[in-house]
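This is what each chain is made of:
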Amino acid sequence: MTVSNKIVTTTIDPRIVDNVVDWADFMFPSIEDFGVAVRLMDERDWKNWASGLSSIASLAALGVPNAYQFDDWREWAMRFNEVISQGS
């Protein structure tokens, strides 16, 4: 019997969430499946928080998007969801 090391990831569509802090809270269990993460506490700090996710080796290996290349957190989150869904 072969056992897969794939992570089953649940993503939350950022278009249905009021703000980035709520989205990050909903996504936190899925993000922690990839490694130790910190919670986003202040929506103004979303880019720093998002860029910190790339320090998680398994997320970095998937090629998570650079938050500093996005003006809108929802656009970044959509791309992030795509990347982790394809890599899970």
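Residues numbered from 1 in each chain as written. Predicted model: local features only at pLDDT ≥ 70, side-chain atom pairs only at ≥ 80, totals over all residues. Heavy atoms only, no water.

S.K.: Would you mind showing me how to read the overall build of the protein chain here?
M.R.: Scanning the protein chain from terminus to terminus reveals four helices and zero strands. Ordered by position in the sequence, the α and β elements of the protein chain form the string α-α-α-α. Across the 88 residues in the protein chain, those meeting the buried criterion constitute 36%. Taking the contacts inside the protein chain whose residues are at least 6 apart along the sequence as the reference set, 49% of them involve residues at least 24 apart. Element-wise, carbon and sulfur atoms account for 49% of the exposed surface of the protein chain, whose accessible area totals about 5400 Å². (Helix = DSSP H or I, 4+ residues; strand = E, 2+ residues; numbered from the N terminus. Buried < 20%, exposed > 50% of the residue type's maximum accessible area, 1.4 Å probe, protein only. Contact = heavy atoms within 4.5 Å. Areas by Shrake-Rupley, 256 points an atom, 1.4 Å probe, with all protein chains shown as cover.)

S.K.: I keep staring at the packing of aromatic side chains and nothing clicks. Help me out?
M.R.: Each aromatic ring pair is summarised here by two numbers: the centre-to-centre distance and the angle between the ring planes. For the structure on display, the rule yields seven aromatic pairs. The interplanar angle of 90 degrees and the centroid separation of 6.4 Å between the aromatic rings of W23 and W49 together place this pair among those described as edge-to-face. Taken together, the residues W23 in helix α1 (residues 20–32) and W49 in helix α2 (residues 46–53) connect sequence positions 26 residues apart. An angle of 85 degrees between the planes, with centres 5.8 Å apart, marks the rings of W23 and W76 as edge-to-face. Pair noted here: W23 is in helix α1 and W76 is in helix α4 (residues 73–87), with a separation of 53 residues, a long-range link. Through a chain of ring-to-ring contacts, the aromatic side chains of W23, W46, W49, W73, W76 and F80 assemble into a single cluster. Over the face of the ring belonging to F28 we find R39, whose NZ or CZ atom lies 4.0 Å from the ring centre. (Phe/Tyr/Trp six-rings, centres within 6.5 Å; stacked < 30°, edge-to-face > 60°. Lys NZ or Arg CZ within 6 Å of the ring centre and 35° of its normal.)

Read these as layout, nothing more, since geometry by itself doesn't imply function.
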